[in-house]
Amino acid sequence: MLPLSKEQEVALSLELATKRQEHADLDAAIHTLSASGLADQMLIQRLKKRKLALKDRITQLENI
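Residues numbered from 1 in each chain as written. Predicted model: local features only at pLDDT ≥ 70, side-chain atom pairs only at ≥ 80, totals over all residues. Heavy atoms only, no water.

Enquirer: Can you explain the pattern of salt bridges? Please cite residues and give values.
Expert: Enumeration over the complete set of coordinates arrives at four salt bridges. One salt bridge connects Arg20 with Glu62, and the closest N-O pair in it is separated by 2.6 Å. Here the residue Arg20 occupies a position in helix 1 (residues 6–36), and Glu62 occupies one in helix 2 (residues 41–63), the gap between them amounting to 42 residues. Judged by its relative accessible area of 42%, Arg20 is partly exposed. On the accessibility criterion, Glu62 (41% relative accessible area) is partly exposed. Note that Lys51 is salt-bridged to Asp27, the shortest N-O span being 2.7 Å. Residue Lys51 is located in helix 2, and its partner Asp27 is located in helix 1; the two are separated by 24 residues in the primary sequence. (Salt bridge = Lys/Arg side-chain N within 4 Å of Asp/Glu carboxyl O. Helix = DSSP H or I, 4+ residues; strand = E, 2+ residues; numbered from the N terminus. Buried < 20%, exposed > 50% of the residue type's maximum accessible area, 1.4 Å probe, protein only.)

Here you go:
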């Protein structure tokens, strides 16, 4: 793998931080919706799927 430039490192770090925050936000939203008992299960499943995709991207970024 080629070494990253400083700009690339900064961009990847920013993306990683953004994805981690979005993952945490989705986790909180899923928890709140599930606890309310009024949430549409299809919505919760879509949020969980998005959260899993974010986790995969976070893992990719961490491995770079």
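Enquirer: Report on the packing of helix 1 against helix 2, specifying residues and quantitative values.
Expert: Running from N to C, helix 1 and helix 2 point in directions that differ by 155°, and their axes come no closer than 9 Å. Here helix 1 lies roughly antiparallel to helix 2, going by the angle between them. Regarding helix 1 and helix 2, the two cross each other, and that crossing is left-handed. Contact residues: helix 1 offers Leu12, Glu15, Leu16, Lys19, Arg20, Glu22, His23, Leu26, Asp27, Ile30, Leu33 and Ser34, while helix 2 offers Leu43, Ile44, Leu47, Lys48, Arg50, Lys51, Leu54, Lys55, Arg57, Ile58, Leu61 and Glu62. Considering only residue class, the contact of helix 1 with helix 2 consists of eleven nonpolar, two polar and eleven charged. (Axes fitted to C-alpha atoms, helices over the stretch in contact; angles between N-to-C directions. Parallel < 35°, antiparallel > 145°, perpendicular 65-115°, else oblique. Left-handed = near helix turned anticlockwise from the far one by under 90°. Contact = heavy atoms within 4.5 Å. Nonpolar A, V, L, I, M, F, W, Y, C, P; charged D, E, K, R; others polar.)

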